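As a plain string of letters, each chain reads:
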Amino acid sequence: MGQAKPQISVPSPAFRPGDTPDFDKLGLPRPGDHPRPDILADASETLPLSFGLVGVLDEAGKAVGDWNPNLDPETLRQGLKTMVLTRAYDDRMLKMQRTKRLSFYMKCLGEEAVAVAAAQALADEDMIFPSYRQQGALLQRDADLVDMMCHCISNEKDNLLGRQLPVHYTNKDLNWFSISGNLGTQFPQAVGWSMASALKGETAIGASWIGDGTTAEGDFHGAMTLASTYNAPVVLNVVNNQWAISMHNSISGGKAPSFASKAIGYGIPGIRVDGNDFLAVYAVTQWAAERARNGGGATLIELFTYRGEAHSTSDDPSKYRSKNEYEAWPLGDPVERLRAHLIAEGEWTAEDHEAWEADCKARVSAAWKEAVSYGTLEDGPHAPVPTMFDDVFVEQPWHIRRQRQELGV
Amino acid sequence: MGQAKPQISVPSPAFRPGDTPDFDKLGLPRPGDHPRPDILADASETLPLSFGLVGVLDEAGKAVGDWNPNLDPETLRQGLKTMVLTRAYDDRMLKMQRTKRLSFYMKCLGEEAVAVAAAQALADEDMIFPSYRQQGALLQRDADLVDMMCHCISNEKDNLLGRQLPVHYTNKDLNWFSISGNLGTQFPQAVGWSMASALKGETAIGASWIGDGTTAEGDFHGAMTLASTYNAPVVLNVVNNQWAISMHNSISGGKAPSFASKAIGYGIPGIRVDGNDFLAVYAVTQWAAERARNGGGATLIELFTYRGEAHSTSDDPSKYRSKNEYEAWPLGDPVERLRAHLIAEGEWTAEDHEAWEADCKARVSAAWKEAVSYGTLEDGPHAPVPTMFDDVFVEQPWHIRRQRQELGV
Amino acid sequence: MPQMNMIQALTDAIDLKLRDDECVVTFGEDVGYFGGVFGVTRGLQEKHGTARVFDAPINEAAIIAMAMGLATNGMRPIAEIQFADYIFPGFDQILSELSRIRYRSAGQYTAPVTIRTPCGGGIYGGQTHSMSPEAFFTHIPGLVVAMPSNPYDAKGLLTACIESDDPALFFEPKRLYNGAFDGDPNKPQASWKDHPKGEVPQGHYTVPIGVADVVREGKDVTVIAYGTMVHVAQAAAEREGVDAEIIDLRTLIPYDIDTVARSVQKTGRCVILHEAPRTSGFGAELAAQIQEDCFYHLEAPIQRVTGWDTPYPHAHEWSYFPGQDRVARALKKTVEFA
Amino acid sequence: MPQMNMIQALTDAIDLKLRDDECVVTFGEDVGYFGGVFGVTRGLQEKHGTARVFDAPINEAAIIAMAMGLATNGMRPIAEIQFADYIFPGFDQILSELSRIRYRSAGQYTAPVTIRTPCGGGIYGGQTHSMSPEAFFTHIPGLVVAMPSNPYDAKGLLTACIESDDPALFFEPKRLYNGAFDGDPNKPQASWKDHPKGEVPQGHYTVPIGVADVVREGKDVTVIAYGTMVHVAQAAAEREGVDAEIIDLRTLIPYDIDTVARSVQKTGRCVILHEAPRTSGFGAELAAQIQEDCFYHLEAPIQRVTGWDTPYPHAHEWSYFPGQDRVARALKKTVEFA
Ligand SMILES: Cc1ncc(C[n+]2csc(CCOP(=O)(O)OP(=O)(O)O)c2C)c(N)n1
Ligand SMILES: Cc1ncc(C[n+]2csc(CCOP(=O)(O)OP(=O)(O)O)c2C)c(N)n1
Ligand SMILES: [Mg+2]
Ligand SMILES: [Mg+2]
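Residues numbered from 1 in each chain as written. Chains lettered and ligands numbered in written order. Predicted model: local features only at pLDDT ≥ 70, side-chain atom pairs only at ≥ 80, totals over all residues. Heavy atoms only, no water.

Here we come to the overall build of chain A. Of the regular secondary structure elements, chain A holds 13 helices and seven strands. Along the longest, intermediate and shortest principal axes, the C-alpha atoms of chain A span 65 × 60 × 55 Å. Going through the 409 residues of chain A one by one, you find that 66% of them count as buried. Residue pairs in contact within chain A that sit at least 24 positions apart in sequence constitute 74% of those at least 6 positions apart. About 13,200 Å² of surface is accessible on chain A, with carbon and sulfur atoms providing 49% of the total. Considering chain A, the positive charge centre built from 38 side chains and the negative charge centre built from 54 side chains are found 6 Å apart. (Helix = DSSP H or I, 4+ residues; strand = E, 2+ residues; numbered from the N terminus. Buried < 20%, exposed > 50% of the residue type's maximum accessible area, 1.4 Å probe, protein only. Contact = heavy atoms within 4.5 Å. Areas by Shrake-Rupley, 256 points an atom, 1.4 Å probe, with all protein chains shown as cover. Lys, Arg positive; Asp, Glu negative; His and termini not counted. Charge placed at Lys NZ, Arg CZ, Asp CG, Glu CD.)

Superposing chain A onto chain B requires a rotation of 180° together with a translation of 0.0 Å along the rotation axis, leaving an RMSD of 0.0 Å. Those values place the two copies in the arrangement expected of a two-fold rotation axis. Within chain A, the C-alpha atom positioned nearest to the axis of rotation is that of Gly218 of chain A, 2.0 Å from it. Here 100% of the interface residues in chain A have copies in chain B that are interface residues too; the copies meet face to matching face. (Least-squares fit on C-alpha atoms with pLDDT ≥ 70 in both.)

Along the polypeptide, Gly120 of chain C turns up in the loop between β4 (114-119) and α6 (134-138). The sequence separation of Gly120 of chain C and Glu134 of chain C amounts to 14 residues, and the corresponding C-alpha distance is 9.9 Å.

The next thing to look at is the packing of aromatic side chains. The final tally for this structure, using the stated rule, is 77 aromatic pairs over all chains. Ring geometry for Phe181 of chain C against Phe321 of chain C: centres 5.9 Å apart, planes inclined by 65°, an arrangement best described as edge-to-face. In this pair, Phe181 of chain C sits in the loop between β6 (168-173) and β7 (213-216) while Phe321 of chain C sits in the loop between α11 (317-320) and α12 (324-336), placing the two residues 140 residues apart along the sequence. Under the relative-accessibility criterion, Phe321 of chain C is labelled buried at 2%. Ring-pair connections join several aromatic residues into one group, and the members of that group are Phe88, Phe91, Phe136, Phe137 and Phe171 of chain C together with Phe88, Phe91, Phe136, Phe137 and Phe171 of chain D. Here the basic side chain of Lys81 of chain A rests over the ring of Trp356 of chain A, its NZ or CZ set 5.0 Å away from the ring centre. Between Arg163 of chain B and the ring centre of Tyr103 of chain D, over which it is positioned, the NZ or CZ distance is 4.1 Å. (Phe/Tyr/Trp six-rings, centres within 6.5 Å; stacked < 30°, edge-to-face > 60°. Lys NZ or Arg CZ within 6 Å of the ring centre and 35° of its normal.)

Further remarks concern the coordination of the magnesium ion (ligand 4). Residues and elements named next belong to chain B. Protein coordination at the magnesium ion (ligand 4): the donors are Asp212 (OD), Asn241 (OD1) and Trp243 (O), at 2.1 Å from the metal. Written as a sequence motif, the donor residues of the magnesium ion (ligand 4) are D-x28-N-x1-W. With a relative accessible area of 6%, Asn241 lands in the buried category. (Donors = N, O, S within 2.8 Å, 3.2 Å for Na, K, Ca; no water.)

Attention now moves to the interface of chain A and chain D. Every contact between the two is made by 42 residues of chain A and, on the other side, 39 residues of chain D. Carbon and sulfur atoms make up 61% of the surface buried where chain A meets chain D, a total of about 3,300 Å² over both sides. Taken together, chain A and chain D are joined by 13 residue pairs in polar contact (both at pLDDT 80 or more). A total of five residues in the side of chain A that touches chain D trace back to one element, the largest contributor, which is helix α13 (residues 398-407) of chain A. Across the side of chain A that touches chain D, the residue classes tally to 21 nonpolar, 15 polar and six charged. (Buried area = accessible area lost by both parts, 1.4 Å probe. Polar contact = N/O pair within 3.5 Å; in protein donor to acceptor, adjacent residues only side chain to side chain. Nonpolar A, V, L, I, M, F, W, Y, C, P; charged D, E, K, R; others polar.)

If you look at the biggest cluster of nonpolar residues, it comprises 306 residues, and the most contacted ones within it are Phe137 of chain C together with Phe137 of chain D. Membership of the second largest hydrophobic core comes to 78 residues, among which are Ala117, Trp176, Leu342 and Cys360 of chain B. (Core = buried A, V, L, I, M, F, W, Y, C linked by side-chain atoms within 4.5 Å.)

For Arg278 of chain C, the location among the structural elements is in the loop between β11 (270-277) and α10 (282-293). In this structure the side chain of Arg278 of chain C is engaged in a polar contact, spanning 3.2 Å, whose partner is the backbone oxygen of Arg304 of chain C. Excluding residues within four positions of it along the chain, Arg278 of chain C makes contact with Gln403 and Glu406 of chain B, Arg304, Val305, Thr306, Gly307, Trp308, Asp309 and Arg326 of chain C together with Glu285 of chain D.

All right, on to the site of ligand 2 then. Every one of the 20 residues lining ligand 2 counts as a neighbour, but Tyr132, Gly181, Thr214 and Trp243 of chain B together with Glu60 of chain C are closest to it. Within the side chain of Tyr132 of chain B, an N or O atom sits 2.6 Å from an oxygen atom of ligand 2. Glu60 of chain C is positioned with one of its side-chain polar atoms (N or O) 2.7 Å from a nitrogen atom of ligand 2. When isolated, ligand 2 has an accessible area of 590 Å², and the protein chains bury 96% of it. Residues that form the shell around ligand 2 fall into these classes: seven nonpolar, eight polar and five charged. (Near = heavy atom within 4 Å.)

Here the focus is the sheet that holds strand β2 (residues 53-55) of chain D. Residue and element names in this part refer to chain D. Strands sit in the order β2-β1-β3-β4-β6-β5-β10 across an open sheet of seven strands; the sheet is mixed. With one partner strand each, in any of the chains shown, β2 and β10 (251-253) form the two edges of the open sheet. For this sheet, the mean inter-axis angle between neighbouring strands, taken without regard to orientation, is 20°. By the bridge criterion, two bridges tie strand β5 (residues 144-146) to β10 in an arrangement that is antiparallel. Directly across from Ala146, in β10, lies its bridge partner Thr251. Relative to strand β1 (residues 24-28), helix α1 (residues 6-20) is tilted by about 135°, and along the sheet it contacts β1, β2, β3 (76-80), β4 (114-119) and β6 (168-173). (Pairing = 2+ DSSP bridges. Axes fitted to C-alpha atoms, helices over the stretch in contact; angles between N-to-C directions.)

Next comes the structure, spelled out in structure tokens:
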């Protein structure tokens, strides 16, 4: 033992600035490879799925295998349209941030399917506990563009009264929870929410999203433990977009074979799915939602995708990852893949697509014009200053009232 | 979906007061069934071990199978002796608590092997980050009985100056960390400690113990994540004694197939072992220690055992579990099983055992007499009162000095 | 009227809410079958079922997050944290989430959660079973913080916290569970039996949040205390024959500034008591606010008698605990100050 | 002498310790290859290697526990928490473990850990990127708590914290990273370039823990501030032409009571500033202690100018932030009080 040497190591990504990315080593399984277990199957049956990768769309854009949800074209067109709208919205908001009209913004480029297909597979009554990168799900639920923008520019129509950072949407009417800036806190909350639903004999379930990096937080373990112990009807999603700001997922994932495999040690089904495959995301979410709704409890879904842009408007990814990783990503682009599928099926054309893109651009521009007409962060008007002191408590206690008076409002 | 019903459930143990325990349903594998992987084997090779149960001693008291550590009789005798001493110490201290000489006490009846065999398999330089139930490991490292007692009665010889609750030992000379009352906090600390050892090029590793209930804490996940990410040379032990005060392990474990299986999702080896089988505990600890010392990183070991007594002197287990569970426990008693093995091997006799038991009783009594001669919690003398203000900071800052003066000491 | 100790009064409050409001559930470590390590929920699972009263995994963050999730979906959870010393793994869920959800969602989501937890020393619990961490929670906007000193208030104040739509931290001075404690460890354990505040009405009532109780009228000095220290204050005042006005704060946030200021403006002198360490303890806030509101009336510096700025020791419990001697000395010093 | 902004000064301090003490390591979220989201560790991994400067999983409890484990085994870790708002998942490891290990082990184990974290508002960070949570840590016995207001102090004070054998919480007012900020958001971003405290000596030096800095002498009122508020205080005093003595506390625990008391005894009046919410903020402790130590000298109630008792808002940042107007008003009110 004298000559033995314990050694620690710090994981580093395969590619850094300057490298040419080559993802062949990922060795991903082919779409259609995985059987689809019964929705009430024993969790242990998902073991191969937790290490593998569920896919439906093959290279040719055909829908193949057990997991094919066999969706009608209209549903798929609708999903595609939401993804395109999401992209148009993101583009516009980023531009506006660059011109200082927003204090901050976060895009979801490349991750649209993760949010849109899931929202489509869930029921409208299901409560969404998102992270800051599922704006696609909010749009899938027909959130009003102007309202979303008014929040992002904290004007007098901001439904959060200017209290929250941009993109931290809350929308109870759409069963969309309040986004927290604190990573992962919503995961165990979603479990508690879904337990209440079951206790009340209601059919609504909860669904939550966190990122790969956030799985390291204690709240991930808390959520999984609660979900396992109480058989909570909740869908727990990990969006593995490979990066957590500048940290590769191997920093939070360590030697883990996958994030989905973390489910095994909780006796919960774990499924890894191609997050850029709209049909596969829909199918897996549907499976998990049905399982939950039928008393089967929680499922952990790892959505394998890639963060196409900067983490937020506060960082420059060229400082920590190689330039064309996004282009080199072997699982392609969710919009392109669904578009190709629909075109191959004769349910969509290049012209339809261009027209819809133009339409989204126009709608987003119109919405922006209207939104700024209600004020901007810089010039106001904002919510009245006295509202800053409301909602801390149901009723304003003396010490806060005094402070309001001290401010003279 | 209208008629579908999400349902939650709250796990409950198979037996409660009044029930007659019957553990046949546990369906445990037979000793000797499991192969022993190479110490640097891929973590995935331990998958069956994480669901199974490593054992060495069979019903006849013979050592069988791949995992037999083939220890020399003297080592085994020594281990047996420490376990018997631990039991004598516990018995005496509990009695003294009943007569109010201690404010509090915690026994480890039935769990002696978990601590003693592990301490024997580790090197003396390895740092132990224990919970409050591994006194056997402290005795295995030849801690002085009088010193241990002086701590437990907070007298003037208490090496912790009366600052800590009984059984919260600290002993740096024996590479024994400071026991915290806060569950699980030591788990990630042990990882950090072992990383420092590797960074300094030293061969010492860290080893930590928590209970089944404590695996639910965020710090369990933090420790596993750090260990996986940095390949830390540490042995992480979960003592599954079936109970967490009044809560059955299914409250923290939920639907998990085992606690060892939680290792899978971190890419760390997970091994479940018969915690009442001294040889098996030794063998598995040795495997994990060698792996860590040779650069293989961490191992999660679940020690499957049973808490033979109350959680502590503050609870009455007959209020929440059936009376003779301990007697009915299918894996027997660690002392009896090692005793039977050594007798079967002709290396120990009933007379030897009785004589050693008597010897331990006598040593413990003598130690107690000496310990109380240095004072007791009730009557003192204790550490001088002014020491209460020391060690908060390296140097006493003005506000603490003022407070000391205010107390007039 | 029935005589109850504080444990029974708390059990009664929870039992009634479970009976009258189907949205109420309660859970925590050992809370279900066993009824809690101090027995506050004893018998409630049998009576109301495992769906209303249940055990929870040992993860305080998850317990609080579960409570918040349940509450945002229409429930009214009562979460028990086994000891206040063990609430800190859940501190982030309280500070970043529970206390802010109403604010950050502009009232769309609210979390009427009550967190009950035993606090305080006097039981030889050492540094991890004796803490009084109330001050931390008074620095978090959005939380009601309460601590009763007797069975009557315990039942009424807990009921008020459960019914409040604000999240509440409810601290239970464990040394008072079985009887009043005046700080003298050599006396035999007192009982609530023949104590007036041990008389607890049957059925529903509340002690309003934010209203202090003047437990002793006096002219010479105002003593502000809560929890166990209320009893220590009374004993010390009697012993020294000081004509002290003793205020049992009962609610720390929002506290009863009117009663406090009126009293100090009357007596011109003030002593503040708590078990927690002094530096940045809640006594600091009280002193800072009082010197501002009562500057003209103050005839002596406001004194704080508190635990020391060290972890809570084991053997030296009675040198750490702010007992009668130290309180008495502060009373004399303050009254005689000129 | 080289001019540095606060980021460069901090980087320099860490760089020198990494160079001179092989026991020093630093880690945190994005701290390694990227060099931190504010760039404080930029270039250090390349220079000192991944074994000394590395990324950490997003688990603040684990980061602090890892630091403590490393420290009890002879290392001297500097852990970065990306924003002070995100330190709370690690609060238990700080309060129950890091702050107590020396005490509970009677000195057998010690944990010389420095936790660095950006704090404070003024950057439109909203409620989760603007907090000033220093008060929580001042209520935990055993922690050094420090907050610099300029590059010179930042380097010297961080160096002192790293070298201290006590665990230290080192708060970095992020609004000051790139230039002094006097509370007026309409002025162009200032630079440390031509600021005297932007002159940072090369090589090793320390600013001693526990020693305040009188940044402006005056006779009429004592202003106690730290971090960003030091600059707001100076601007407000100039603007109002108040002869204020301004004390930059620099260390909160243990703070420089002698300098504070001497000044207040001289001026007889005192205003305390911080960005954090008022109730149970560190200003409460200062006010409580000052009224006790300076009772005879006080000619006016001690005023606190602070953030409000609400979460930190986004759009109303400048109504929340205790800017020049509010400070000036408090100065006038206090000076004119009679
Ligand atoms: C508790 C907490 N710690 C740190 C942060 C700072 N932070 C914001 S986003 C982020 C990275 C998250 O990465 P990931 O979970 O993979 O989500 P992604 O951004 O990739 O969608 C970090 C560290 C935070 N918001 N909350
Ligand atoms: C953070 C924290 N929460 C709660 C407690 C109270 N507590 C002490 S021991 C215990 C049960 C632990 O059970 P387990 O982990 O199975 O260990 P065992 O006692 O069975 O060895 C609990 C809940 C604590 N000490 N610390
Ligand atoms: Mg990510
Ligand atoms: Mg246990």
